[in-house]
Amino acid sequence: MCTARRCCAGRRADKRLNNNKMLTGMTLGKTRRHLVRAGIMIVRLKFILVAAVFATGALSLSPMTGHAQEAKRIGQYGDWDAYTRGSGNGQFCYMVSKPKTASLQSRRGEIFFLVWHRPGQQEFDVVQVDIGYPFKEASEVEVRIGDQSWSLFTKKESAWTYKQADDKALVTALRKGSRMTVKGTSSRNNPTTDSYSLKGTSAAYQAINKACGR
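Here's what I pulled together on the structure shown here. (Residues numbered from 1 in each chain as written. Predicted model: local features only at pLDDT ≥ 70, side-chain atom pairs only at ≥ 80, totals over all residues. Heavy atoms only, no water.)

### Notes on helix α2 (residues 164-176)
With 13 residues, α2 ought to run about 18 Å at 1.5 Å a step, and its terminal C-alpha atoms sit 19 Å apart, in line with that. For α2, the set of buried residues is Asp166, Asp167, Leu170, Val171, Ala173 and Leu174. An end-on view of α2 places all buried positions within 165° of arc, on one side of the element. (Helix = DSSP H or I, 4+ residues; strand = E, 2+ residues; numbered from the N terminus. Expected span 1.5 Å × (residues − 1). Buried < 20%, exposed > 50% of the residue type's maximum accessible area, 1.4 Å probe, protein only. Arc of directions from axis to C-beta.)

What follows is the structure in structure tokens.
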């Protein structure tokens with residue numbers, strides 16, 4: 001059954017998807033967005049990240065177009081990497097990791113968990129899941145750290161929290177925890193569970209804060 005908050009978020013997400021051609025591309029990719037936070041629509045840019053150097057654990061990012069500014073890797077912190085991209089109102093700073101284990105991994109695309117800032121738009125601590133498959137319509141993602149869990153709204157192959165307070169609580173738990181699980185359901189009704197290490201999250205978070213002047 002479609003809840004009011006999910007239907008509202010979905011309708012506004014579709015509107016953002018139809019209008020996102022005016023937005024600047026991030027890595028290799030498409031802009032998409034999104035979501036209602038406290039009744040206000042916020043545009044978020046979709047990150048499509050490709051891991052090019054697995055031996056070092058680094059993520060190599062390429063721009064969508066020739067004029068797009070390349071992402072600059074701030075550093076690797078445990079199992080997380082920190083990046084910055086752009087400047088001024090277009091600056092993004094983000095930390096990202098891939099799961100240590102992932103269900104049905106051979107059938108899926110790239111899988112990432114991100115936390116990002118966009119100071120020019122007053123967006124901070126934004127949590128994003130890129131799952132590597134199309135989500136089942138109207139399904140939610142469950143993110144669990146210890147005895148705490150959060151439900152995320154889904155669209156296409158990505159998911160975000162419903163409200164800013166959830167972002168902040170989730171980021172706090174990320175920095176204090178050791179393991180995180182992310183559960184989703186594909187459009188083919190296949191459930192998946194991904195397990196992430198949280199080693200290095202505090203250092204990576206401090207790095208993106210510094211890069212974005214927080």
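### Section: the environment of Lys100
Turning to its location among the elements, Lys100 is positioned in the loop between β5 (92-97) and β6 (101-102). Between the C-alpha atom of Lys100 and that of Tyr196, which follows or precedes it by 96 residues, the distance is 5.4 Å. In contact with Lys100, not counting residues within four places along its chain, are Asp79, Arg179, Ser195, Tyr196 and Ser197. In terms of polar contacts, Lys100 uses its side chain to reach the side chain of Asp79, at 3.0 Å. (Contact = heavy atoms within 4.5 Å. Polar contact = N/O pair within 3.5 Å; in protein donor to acceptor, adjacent residues only side chain to side chain.)

### Some points on the state of the cysteines
A full pass over the atoms with the stated rule returns one disulfide. Two residues, Cys93 and Cys212, share a disulfide whose sulfurs are 2.1 Å apart. Taking the torsion about the sulfur-sulfur bond, which here is approximately 95°, the covalent link between Cys93 and Cys212 counts as right-handed. With Cys93 in strand β5 and Cys212 in the segment after α3 (201-211), the pair connects residues that are 119 residues apart, well separated along the chain. The pair formed by Cys93 and Cys212 is uniform in burial state, with each residue classed as buried. (Disulfide = S-S within 2.5 Å.)

### A closer look at the pairing of strand β10 (residues 148-155)
As judged from the six bridges shared by strand β9 (residues 140-145) and β10, these two strands associate in the antiparallel manner. Among the inter-strand pairings, Glu142 is bridged to a residue of β10, identified as Ser151. Hairpin connection, β9 to β10: the antiparallel pair is bridged by two residues, and Gly146 has positive phi, about 60°. Relative to strand β11 (residues 158-161), β10 runs antiparallel, the two being bridged by four bridges. By the bridge assignment, Phe153 is partnered in β11 with Trp160. Taking the residues between adjacent antiparallel strands as the criterion, β10 and β11 are bridged by two residues, where Lys156 takes a positive phi near 55°. (Pairing = 2+ DSSP bridges.)

### Here we look at the sheet that holds β5
The strand order β3-β4-β5-β7-β8-β11-β10-β9-β12-β13-β6 describes an open sheet built from eleven strands, whose pairing is antiparallel. Because the sheet does not close on itself, it has two edges, and the strands there are β3 (72-77) and β6. Relative to β5, strand β4 (residues 80-85) runs antiparallel, the two being bridged by five bridges. Counted as the bridge partner of Ala82 is Met95 from β5. With respect to the sheet, α2 is in contact with β7 (112-118), β8 (123-130), β9, β10, β11 and β12 (179-185), its orientation differing from that of β8 by roughly 75°. (Axes fitted to C-alpha atoms, helices over the stretch in contact; angles between N-to-C directions.)

### Some details on the side chain of Thr154
By the secondary structure assignment, Thr154 is in strand β10. Engagement of the side chain of Thr154 in a polar contact is seen with the backbone oxygen of Ser139, the distance being 2.7 Å.

### With respect to the pattern of salt bridges
The final tally for this structure, using the stated rule, is eight salt bridges. A salt bridge links Asp81 to Arg73; the shortest N-O distance between them is 2.9 Å. Accessibility expressed as a relative area gives 3% for Asp81, which makes it buried. With relative accessibility at 34%, the residue Arg73 sits in the partly exposed group. Put simply, Arg144 and Glu142 hold a salt bridge, and the shortest N to O gap is 3.7 Å. For Glu142, a relative accessible area of 28% gives the class partly exposed. Counted as one network, the salt bridges with shared partners bring together Asp125, Lys168 and Arg214. (Salt bridge = Lys/Arg side-chain N within 4 Å of Asp/Glu carboxyl O.)

### Topic: the pairing of β8
In terms of residue burial, β8 counts as a mostly covered element, since eight of its eight residues are buried. Judged from the six bridges that link them, β7 and β8 form a sheet pairing that is antiparallel. What sits directly across from Val115, in β8, is Val127. What sits between the antiparallel neighbours β7 and β8 is a turn of four residues, in which Gln122 has the positive phi angle 55°. Here β8 runs beside β11; their pairing, made up of three bridges, is antiparallel. When the sheet's bridge partners are listed, Val129 is paired in β11 with Ala159.

Nothing here speaks to function; it is all geometry.
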